[in-house]
Amino acid sequence: MTRRDFVGLGTAAMAMAGAGELLIGCATTQQAGPGGLGGGSDGPSNSIGYFARFGVTENLIRETLAAALSRGGDYSDLFFQHRISTSMALEDGSVNKAFTSVELGVGVRVVKGDQTGYAYTEELTLDAMRSAARTAAAIADGPSRPGPQSFHLFKELPQRYALKVGWDAVRPEQKLPLLEGLNAAAFKADPRIVKVSLSFSNEYGAVLVADSNGRLVEDLQPMTLLGLSCVAEQNGKREQNGYNVAGRAGFDFYSPERLDRIVREAVSRTTILFEAVQPPAGELPVVLAAGSSGILLHEAIGHGMEADFNRKGTSIYSDKINKPIAHPFVNIVDDGTNEYARGAINVDDEGNVPGKTMLVENGVLTTYLHDSISAKHYKVKPTGNGRRESYRHAPLPRMRSTYMLPGPHKHEEIIASVKKGIYCSNFTNGQVNIGGGDFTFYVKNGYLIEDGKLTRPIKDVNIIGNGPRVLEKVDMVADNLVIDEGGWTCGKDGQGVPVSQGLPTVRVSSITVGGRNA
Amino acid sequence: MSTTNNTNLAEVARQAVDLAKKQGASEVAANAGRTREVEVQWRDGRLDKISEATTRGLSVQLYVDGRYSAVSTSDLRPEALERFISDSVTMTRALARDEHRRLPEPELYAGRMEVDLAIEDPNQAKLSAEERQRIVRELEAAARAVDTKGAILSVTTAFGDVLRETYRVSSNGFEGGIRGTQFFASADVSAKDSDGRRPEESDFAVARFFADLPDATTLGRRAGERALGRLGAAKGASAVLTMAVDNRAAGRLVSMLLGPMTGMALQQKRSFLDGKQGQKVGSDRLVLTDDPHIQRGLGSRLFDGEGIAAKPLPLFEAGVLRSYFIDSYYGRKLKTRPTTGGASNLSWKLGEKGQAALLADLKEGILVTGFLGGNSNAVTGDFSLGVQGFRVRGGKLAEPISEMNISGNQMDLWKRLVAVGNDPFAYSAMRTPTLVFEGVQFAGV
């Protein structure tokens, strides 16, 4: 049970989360090591840019790690983060609201076996950091171990989201015309549109991981997200829908083609709802469109493959490694390497470099998604899936970009194969019970399939299935993989992290559709 | 500005208001806040995780030349803060003018009740690490004690406590602070089913006062029973049935009703309740008031996030929609007097019967104990939600069901509310009782 589950009312204010910095002093405007922040006599090391950013010194890090290991923890790491996020919103024709947030802090983690002590502070002084470290140290109960005496900067990081122009160099005046143009284009696209709202955010986060092995890893993590939402009216009825795009990218992400697509998709996905019906309730064949249908994988298998649930024995996949769980043409990966994708990372939040992790290879379950605790438990190398929302949270095994590789069938062949079923193309959310395996995803747009053809549009229907059983029922996979460009956020234990997902066109022979019977 | 734990929040907020005015803001409101929280997690016989932290932060609403922005920061280093506010004011000037963006009219601040809401437990600071660990240990032991067949795979229990303080200052005359504690306890239990599934269930409680939590043995036992109750769950046939919703789960339905009642939803034409004030949208059983002054209430407050004095607000009377949640901005846009931006505590007109008696009355149907995913379309009221729970046969709980779904439209659903329990769920500000709806579409096999 997470803290989030206890929040009763008034939790609607999350819409502006995620963001970026723009003019508000990208971290480079911070003073290096302002008075009173350093703990020792060492000045900021010239070789490590972030010490200056965070206003801390190597000596201060060394003393904090020593305090963290003062009760004999096996391992400790410090996660410094300085994240500046800005979002702007357009409503009723004008960009009349902006939000900026600055987060600066350090999380101290002490690991003993698979037990975790965690504390953080937003005050980067020696006293405050040492006090946090002693709190986290309490997970262990033994003689003090020495911290690292020297540090080395890990320099072999890949670069998966290099920006031509940093967000700090983009003025608000450059963004306003973009939003105003999208607003005008949406109204122009269809006379039924009565309201348009836009939110645009960008973020620049600096992270530094320092661990008890003396390793220092630093990364700069940009993110941008733009969403257009509209309400249409027809014969006294209203419908609402939208489209959003996101990536670890800069301002050039917003190419004319992408901006056109945002308007086209948001408007057409809304206006088609006037013609849409709800599909019948019960078990039906379901065809998932290429792209954001990857939400099926995220819920049906991804979460269940996160190694923390498996080392605890609570996942439905706990005893299924090396066993066939799907047709041999099913291959599923979780990948941190897709350049500029929302789910891409150069380094995870424990300082490990992620690659491409096969979850299912030729229908056989291959490996879990590991953080460093589970990797040690299973005696494997970490897969670079240790992620956290911010310095306020300890890392957990989390997905990055989860998708299915292309298969042997053709999109048209799959549609033509269904006599009576549904085709799902656009989703808003999903959820899973890890151990029982039941999962859902919510279909906002799709079509009925009748006699091998897409017929009437459908809307607003929840699909519910059981992970392993549904994977067995994935009986056709097309060759048209699309990784979705949408702004997906994955929630777990009250922590949200950005992810991507993708799928080729896929047929599930039967799954429960929460429609209505007339 | 000091940033130690002794920081005076009122002083921080006042300084931020001064700083913003100096940088050119015409109006400004600042909230300074601090949260101190401790959490202990226990799993399968040993400590799994401890975490402890103090968060502090400042958020500022800036009104500059008829333009608006909101900013927040945890970087309270003096140089950084000054630059932050100065940059924020500059950025705000780049935005469009909006005549509706102003601080609330000062008369809305008036009439604040001068009562002690009893939302801070003075004994929180005395809670020891040993006491927290005793609770999580007892929770596990109680959960395992109900398992006579060795079906339980793993038990994770948690206990935590929080002290949250905020202070708000606005340049047009509002000042007010709030301090409150919360304690929570939970037990998550996984069990092994004969077909290889590992269903999980939990129980939890959250309260303003430590003494208001149920004892660990009761809570742990309920979690164990709930998990074992999921064994053998299967999909039932698609059908239209009477649905009882457990008081703990019912908040999900209520939140999809309240969401479209905000000024933003109305003004942006994103509400199926637009234009329905004064109309009957539910059965006579739907009687709801927003009550900010409940002693020890999880949502209790003397003023809302804008400083508007909190007052009881009738929401539904005999199914008739009485009020919306209107903040000062959307109140101006809608040319209507603000009420408050969002709900505090809900106060229900309760029925006479508990859940067991309600199930005996309904005879055939489904008791929903949990929702899984799904959504409600705020514009049309159409919803589709995953559910799990139990069949009710002959007025009694029968086999567990899972992997099912309900669908409908809220304008229809709330008219089908035929019974309300006498059992408000104490561990949520929504305080929902068991709710019974007739004629709900379930999808399964």
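Residues numbered from 1 in each chain as written. Chains lettered and ligands numbered in written order. Predicted model: local features only at pLDDT ≥ 70, side-chain atom pairs only at ≥ 80, totals over all residues. Heavy atoms only, no water.

**Student:** What is the right way to look at the overall build of chain A in this model?
**Tutor:** A tally of helices and strands in chain A yields 11 helices and 22 strands. A buried classification covers 64% of the 518 residues belonging to chain A. Across chain A, the fraction of contacts at a sequence separation of at least 24, relative to all contacts at a separation of at least 6, is 74%. (Helix = DSSP H or I, 4+ residues; strand = E, 2+ residues; numbered from the N terminus. Buried < 20%, exposed > 50% of the residue type's maximum accessible area, 1.4 Å probe, protein only. Contact = heavy atoms within 4.5 Å.)

**Student:** Sorry, what's going on with the interface of chain B and chain A here?
**Tutor:** One widely used convention gives an interface's size as the accessible area the parts lose upon coming together. Listed by partner, the interface residues are 100 residues for chain B and 100 residues for chain A. Buried area between chain B and chain A, summed over both chains or domains, comes out near 7900 Å², and the portion from carbon and sulfur atoms is 49%. Summed over the shared surface of chain B and chain A, the result is 11 salt bridges. One salt bridge in this structure joins Asp319 of chain A and Lys192 of chain B, with 3.8 Å as the shortest N-O distance. For the pair chain B and chain A, the number of links is 56 residue pairs in polar contact (both at pLDDT 80 or more). When the residues that make up the side of chain B that touches chain A are grouped by side-chain class, the tally is 35 nonpolar, 37 polar and 28 charged. In terms of strand pairing, strand S2 (residues 94-112) of chain A meets strand S3 (residues 67-73) of chain B through five bridges, oriented parallel. (Buried area = accessible area lost by both parts, 1.4 Å probe. Salt bridge = Lys/Arg side-chain N within 4 Å of Asp/Glu carboxyl O. Polar contact = N/O pair within 3.5 Å; in protein donor to acceptor, adjacent residues only side chain to side chain. Nonpolar A, V, L, I, M, F, W, Y, C, P; charged D, E, K, R; others polar. Pairing = 2+ DSSP bridges.)

**Student:** Would you take a moment to explain empty space enclosed by the protein for this structure?
**Tutor:** Empty space among the atoms can be located by rolling a probe the size of a water molecule over them. One pass over the full model with this rule turns up four cavities of 30 Å³ or more. As a volume, the largest cavity reaches approximately 110 Å³. Asn433, Gly436 and Asp438 of chain A together with Asp193, Arg197, Pro199, Glu200, Arg230, Ala233, Gln388 and Ser402 of chain B together form the lining of the largest cavity. Looking at side-chain class alone, the lining of the largest cavity contains two nonpolar, four polar and five charged residues. (1 Å grid on protein atoms, 1.4 Å probe; cavity = no way out; pocket = protein on both sides within 12 Å on 5 of 7 lines; lining within 4 Å. Points joined across faces, edges and corners; volume = space filled by probe spheres on them.)

**Student:** Explain the packing of helix H3 (residues 129-145) of chain B against helix H4 (residues 216-229) of chain B to me, please; I cannot follow it from the model alone.
**Tutor:** Residue and element names in this part refer to chain B. H4 packs onto H3 with a crossing angle of 45° between their chain directions and a minimal axis gap of 7 Å. On the basis of the axis angle, H3 is oblique to H4. When the axes of H3 and H4 are compared, the crossing they make is right-handed. Residues Ile135, Glu138, Leu139, Ala142 and Ala143 of H3 form the contact with H4, whose participating residues are Ala216, Thr217, Leu219, Gly220, Arg221 and Gly224. Considered class by class, the residues forming the contact of H3 with H4 number six nonpolar, three polar and two charged. (Axes fitted to C-alpha atoms, helices over the stretch in contact; angles between N-to-C directions. Parallel < 35°, antiparallel > 145°, perpendicular 65-115°, else oblique. Left-handed = near helix turned anticlockwise from the far one by under 90°.)

**Student:** Even after reading the chapter, I still don't get the side chain of Arg132 of chain B, so can you show me in this structure?
**Tutor:** If you trace the backbone, Arg132 of chain B turns up in helix H3. Among all residues touching Arg132 of chain B, those that are not within four sequence positions of it are Val38, Val40, Leu127, Phe159 and Asp161 of chain B.

**Student:** Is there a simple way to explain the pattern of salt bridges in this structure?
**Tutor:** Tallied over the entire structure, the rule returns 74 salt bridges over all chains. The residue Asp479 of chain A makes a salt bridge to Lys410 of chain A at a minimum N-O spacing of 2.4 Å. Of this pair, Asp479 of chain A sits in the loop between strand S18 (474-477) and strand S19 (482-483) while Lys410 of chain A sits in the loop between strand S14 (401-404) and helix H10 (411-416); the two residues are 69 residues apart in sequence, bridging distant segments of the chain. A relative accessible area of 43% places Lys410 of chain A in the partly exposed class. For Glu165 of chain B, the salt bridge goes to Arg179 of chain B, with nearest N and O atoms at 2.9 Å. Of this pair, Glu165 of chain B sits in strand S4 (residues 152-170) while Arg179 of chain B sits in strand S5 (residues 175-191), and the two are 14 residues apart along the sequence. A network of salt bridges, in which partner residues are shared, links Asp114 and Arg311 of chain A together with Arg43, Asp44, Arg46, Asp48, Glu140 and Arg144 of chain B.

**Student:** How should I be thinking about the environment of Lys444 of chain A in this particular structure?
**Tutor:** On the secondary structure map, Lys444 of chain A appears in strand S16 (residues 438-450). Judged by its relative accessible area of 7%, Lys444 of chain A falls in the buried class. Sequence separation between Lys444 of chain A and Gly430 of chain A is 14 residues; the distance between their C-alpha atoms is 12 Å. Not counting residues up to four positions away in its chain, the partners in contact with Lys444 of chain A are Gln240, Asn241, Leu273, Asn426, Phe427, Thr428, Ile458, Lys459 and Asp460 of chain A together with Asn377 of chain B.

**Student:** Please explain helix H3 (residues 58-68) of chain A as it appears in this structure.
**Tutor:** The α-helix winds at 3.6 residues per turn, so residues separated by three or four positions along the chain end up facing the same way. Of all 11 residues in H3 of chain A, nine are buried, a share of seventy percent or more. For H3 of chain A, every residue scored as buried is listed here: Glu58, Asn59, Leu60, Ile61, Arg62, Thr64, Leu65, Ala67 and Ala68 of chain A.

**Student:** Looking at this structure, how should I read the nonpolar core?
**Tutor:** Most often, soluble globular proteins keep nonpolar side chains buried together rather than apart. Ranked by size, the top nonpolar core spans 58 residues in total, and within it Phe54, Val56, Ile61, Leu78, Phe80 and Leu124 of chain A together with Phe159 of chain B carry the most contacts. Listed in part, the 49 residues of the second largest apolar core include Leu284, Val330, Met399 and Cys490 of chain A. (Core = buried A, V, L, I, M, F, W, Y, C linked by side-chain atoms within 4.5 Å.)

**Student:** Explain the sheet that holds strand S11 (residues 346-348) of chain B to me, please; I cannot follow it from the model alone.
**Tutor:** What holds strands together in a sheet is hydrogen bonding between their backbones, with the strands either parallel or antiparallel. All names here are of chain B. Reading across the sheet, the four strands line up as S10-S9-S8-S11 and stay open at both edges, with antiparallel pairing between neighbours. Sheet topology places strand S10 (320-321) and S11 at the edges, where each strand pairs with a single neighbour. As defined by bridge partners, strand S8 (residues 288-290) adjoins strand S9 (residues 313-317) across three bridges and the pair is classed as antiparallel. Paired with Thr289 across the two strands is Pro314, which belongs to S9.

**Student:** Teacher, can you tell me more about the packing of aromatic side chains here?
**Tutor:** Between two aromatic rings, the relevant description is the distance of the centres plus the angle of the planes. For the coordinates displayed, the defined rule picks out 18 aromatic pairs over all chains. An angle of 75° between the planes, with centres 5.8 Å apart, marks the rings of Phe204 of chain B and Phe425 of chain B as edge-to-face. Here Phe425 of chain B lies in the loop between strand S15 (417-420) and strand S16 (435-443) and Phe204 of chain B lies in strand S6 (residues 200-207), a separation of 221 residues in the sequence. Judged by its relative accessible area of 7%, Phe204 of chain B falls in the buried class. Grouping aromatic residues by their ring pairs yields a cluster made of Trp167, Phe200, Phe251, Phe253 and Tyr254 of chain A. (Phe/Tyr/Trp six-rings, centres within 6.5 Å; stacked < 30°, edge-to-face > 60°.)

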